[in-house]
Amino acid sequence: METSELKELMLKVVEERLGITENDLLDNGIDIGAILEEANAKEIEEVYEENENELVETVLTVPGEVMSPDIELIGPQRAIKLSHGNGTDSMRVNIDNIAEVDRFGNVVRSYNIDRLLRLGSISTIASDVNLGTPDRPVSALEILLSYPVDKIDFQCPGNARTFADTVEEKVTMFLRAYLLGKDSVEINYLGDRILLHPFSMKYTIEVDNWPFCEPTNRLQLTMMYKYKGEAENSEIVDIDDLNLPANSDIEAGDVSFDTLVSEESI
């Protein structure tokens, strides 16, 4: 990776996160270019390779939360990388492929992310939201990624017509991610109670108005995950191994960051 590219990336992140421009840095005697020239070239290359040789498009945090993890949006695929700030532990996820399959599981038609990106770019909207109530607000960062599926030329195999040929609604596909702040919250997802923990991330994928070739067909999404855990005593734990009760009486407020820190201090 060229020094000029890394300099551009760093200046972009600093300006987006802190509102500090290159001129502001130079006025205070900080020359990013000079600093990078003195940096260890091997370490710089390792960081670049960790991001699949792609640039970080932006870095986001929960507004007003000094303990908030970072979310990096990487490359044109807008891979989401969640890092808790210790410089070693992270999780990266992105959509890799969307396919329509028949009732036997056979692929009818398939579109990988690179094919979609040839049709258009992924648009991104980020905003701070309240997942709680007016009386008990729960701050969170919402990230909405919109994929250019509306530009697909939907053709069924052979002479078959799409089951939804007469439907004119726009086809949409969104990845909606929430990064929580210091408070936990319980949400209702498809009828299930789900407790979201402080500084955790939850995402959903929404596809509407897909013109299926047959009414019995369904969609199959392939996700790409990449984990990195190098901090001392860090590990990835299967939730099935935690022996959690099926019905829990724990309230969301009982597992907020402030409550856990307070109890740990007693």
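See the structure above.
These numbers were taken from a predicted model, which means no experiment stands behind them.

Novice: So what's going on with unusual backbone geometry? Residues and values would help.
Specialist: What is expected of a backbone is that most residues other than glycine have negative phi and most peptide bonds are trans. In this model, Phe199 sits at a positive phi of 60°, which is unusual for a non-glycine residue. Judged by relative accessible area, which is 7%, Phe199 ranks as buried.

Novice: Describe the pairing of strand β5 (residues 107–112), listing the residues and the values that go with them.
Specialist: Strand direction decides the pairing type here: strand β4 (residues 90–101) and β5, joined by five bridges, are antiparallel. Paired with Glu100 across the bridge in β5 is Arg109. Linking two consecutive strands that pair antiparallel, namely β4 and β5, is a turn of five residues; a positive phi of about 90° is found at Gly105 within it.

Novice: How would you explain the side chain of Thr58 if you had to name every residue and give the values?
Specialist: Its location among the elements puts Thr58 in strand β1 (residues 56–60). Thr58 sits in the buried class, given a relative accessible area of 15%. Within the structure, the side chain of Thr58 is placed 2.6 Å from the side chain of Glu16, a separation counted as a polar contact. In contact with Thr58, other than residues within four places in its own chain, are Glu16, Ile71, Glu72 and Leu73.

Novice: Talk me through the state of the cysteines; I want residue IDs and the actual numbers.
Specialist: Counted according to the given criterion, the structure contains one disulfide. Covalently, Cys156 is tied to Cys213 through a disulfide, its sulfur atoms 2.0 Å apart. Because the sign of the S-S torsion sets the handedness, a value of about -105° for the bond joining Cys156 and Cys213 places this disulfide among the left-handed ones. With Cys156 in the loop between β7 (139–146) and β8 (172–180) and Cys213 in the loop between β11 (201–208) and β12 (218–228), this residue pair connects regions lying 57 residues apart in the sequence. Neither residue differs from the other here; Cys156 and Cys213 are each classed as buried.

So, how was this worked out
Residues numbered from 1 in each chain as written. Predicted model: local features only at pLDDT ≥ 70, side-chain atom pairs only at ≥ 80, totals over all residues. Heavy atoms only, no water. Buried < 20%, exposed > 50% of the residue type's maximum accessible area, 1.4 Å probe, protein only. Pairing = 2+ DSSP bridges. Helix = DSSP H or I, 4+ residues; strand = E, 2+ residues; numbered from the N terminus. Polar contact = N/O pair within 3.5 Å; in protein donor to acceptor, adjacent residues only side chain to side chain. Contact = heavy atoms within 4.5 Å. Disulfide = S-S within 2.5 Å.

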